[in-house]
Amino acid sequence: MGTYLITGATGGIGTAVAELLRDRGHELILTGRSADRLAALAASLRGGAHAQTQLIVRERNGDPAAAAARAATGADAPIRTLPLDLTEPRRLEAALAEAGLPERLDGLVHCAGVVHLGAVAELDADRWLEHLNVNLVSAAELTRLLLPALRAAQGHVVFVNSTAGLRANPHWSAYAASKFGMRALADSLRAEEPELRVTSVFPGRTATEMQRKVRVQEGGEYVPDDFMAPATVARVVVSALETPRDAVVAEVAVRPR
Ligand SMILES: NC(=O)c1ccc[n+]([C@@H]2O[C@H](COP(=O)([O-])OP(=O)(O)OC[C@H]3O[C@@H](n4cnc5c(N)ncnc54)[C@H](OP(=O)(O)O)[C@@H]3O)[C@@H](O)[C@H]2O)c1
């Protein structure tokens, strides 16, 4: 079993990734801003306060056989939580040093992200800095800080990018720029670290809190069924992680049907 650190674990896609990795018996390190939300997520993944809800989610979207096997053995790998505010990449080094992270890390899954729509004429420097810090600079800094542990395990880094990282539409400049940058980060890392595997996943619209906020900003209705389920994106992420070691899924785009 491996150890995986997930940023944005409290979000729609991050939680779905955590559930699938948990079903497979991996040790998890969950990050997000709120210690309370992280604790609730960890409890539900451990089969605590939200176990019933989580079981339903697993049976619908996860791997029921794996979940049943895990429940039968009761063999739960540790789940740790690590509150981090990614708007402040300069503080990450101290936070990680204090947390005392493992010496080996099999996977780092970057799921954290923010988006605020607006024309270039409206987006001020603070909005640009928030997008770039959370979506790009902190992803680079966390990767840098965790590289020794990733190298030790010949680990895998997954960047949850966006189709906005492939094409920038009107009102998406700051978010798209951060995601174009994230693709560059992934490509350079893949070339520099041949012992690691590096994957960029480019999802289209997915039914999460982020998408609900986007629809509000677009002045439209939020209909979850119009979009992909976060569990579907999570399956793509975990499938990339589980690809045999003789190959790397370098890039994969996944869009609502
Ligand atoms: N939903 C879509 O349609 C869609 C499409 C393409 C790509 N994506 C990408 O998929 C990834 C996951 O998005 P999602 O849809 O799951 O969004 P979500 O449900 O809104 O989750 C966002 C996650 O990012 C974390 N986060 C936000 N700001 C943070 C900060 N300053 N510091 C630390 N963590 C922060 C949130 O943690 P808190 O609990 O602290 O808020 C949350 O866990 C993002 O990178 C997003 O760009 C989403």
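As the structure is a prediction and not an experimental result, all values here were calculated from the model.

### Focus on the nonpolar core
Here is step 1: Within the largest apolar cluster, 29 residues are counted, with the highest numbers of intra-cluster contacts made by L96, L105, L146 and F159.
Here is step 2: The set of elements that each furnish at least two residues to this core consists of α5 (92-99), α6 (125-152), β5 (156-160) and α7 (173-192).
Here is step 3: For this core, the leading source of residues is α6, giving nine residues.
Here is step 4: Those residues in contact with L146 that lie beyond four places of it in its chain are L5, L96, L101, L105 and L108.
Here is step 5: Ranked by size, the runner-up nonpolar core spans 28 residues in total, among them L21, L38, I79 and V237.

### Focus: the confidence of the model for the chain
Keep in mind that low pLDDT regions are not for reading the predicted coordinates in detail.
Here is step 1: Within the chain, residue pLDDT values average 91, and 89% of them lie at 70 or more.
Here is step 2: For the chain, the element scoring lowest by mean pLDDT is helix α3 (residues 51-61), at 37; β5 scores highest, at 99.
Here is step 3: The model gives residues 48-62 a pLDDT under 50, and that stretch makes 25 contacts with residues more than four places away or in other chains.

### Regarding the side chain of N135
Here is step 1: You can see N135 is positioned in helix α6.
Here is step 2: A distance of 2.9 Å separates a polar side-chain atom of N135 from the backbone nitrogen of V114.
Here is step 3: When sequence neighbours within four positions are dropped, the list of residues in contact with N135 reads A112, G113, V114, E130, Y175, S178, K179 and M182.

### Digging into the layout of surface pockets
Here is step 1: Each pocket or cavity is described by its volume, and for the largest pocket that value is around 1200 Å³.
Here is step 2: Lining the largest pocket are 44 residues, with G113, V114, V115, T208 and M210 sitting closest to its centre.
Here is step 3: Those elements giving two or more residues to the lining of the largest pocket turn out to be α1 (12-23), β2 (27-32), α6, α7 and α8 (209-218).
Here is step 4: Considering every element that reaches the lining of the largest pocket, the biggest residue donor is α8, with six residues.
Here is step 5: Taken together, the residues of the lining of the largest pocket sort by class into 15 nonpolar, 19 polar and ten charged.

Procedures and definitions
Residues numbered from 1 in each chain as written. Predicted model: local features only at pLDDT ≥ 70, side-chain atom pairs only at ≥ 80, totals over all residues. Heavy atoms only, no water. Core = buried A, V, L, I, M, F, W, Y, C linked by side-chain atoms within 4.5 Å. Buried < 20%, exposed > 50% of the residue type's maximum accessible area, 1.4 Å probe, protein only. Helix = DSSP H or I, 4+ residues; strand = E, 2+ residues; numbered from the N terminus. Contact = heavy atoms within 4.5 Å. pLDDT = per-residue confidence, 0-100. Polar contact = N/O pair within 3.5 Å; in protein donor to acceptor, adjacent residues only side chain to side chain. 1 Å grid on protein atoms, 1.4 Å probe; cavity = no way out; pocket = protein on both sides within 12 Å on 5 of 7 lines; lining within 4 Å. Points joined across faces, edges and corners; volume = space filled by probe spheres on them. Nonpolar A, V, L, I, M, F, W, Y, C, P; charged D, E, K, R; others polar.

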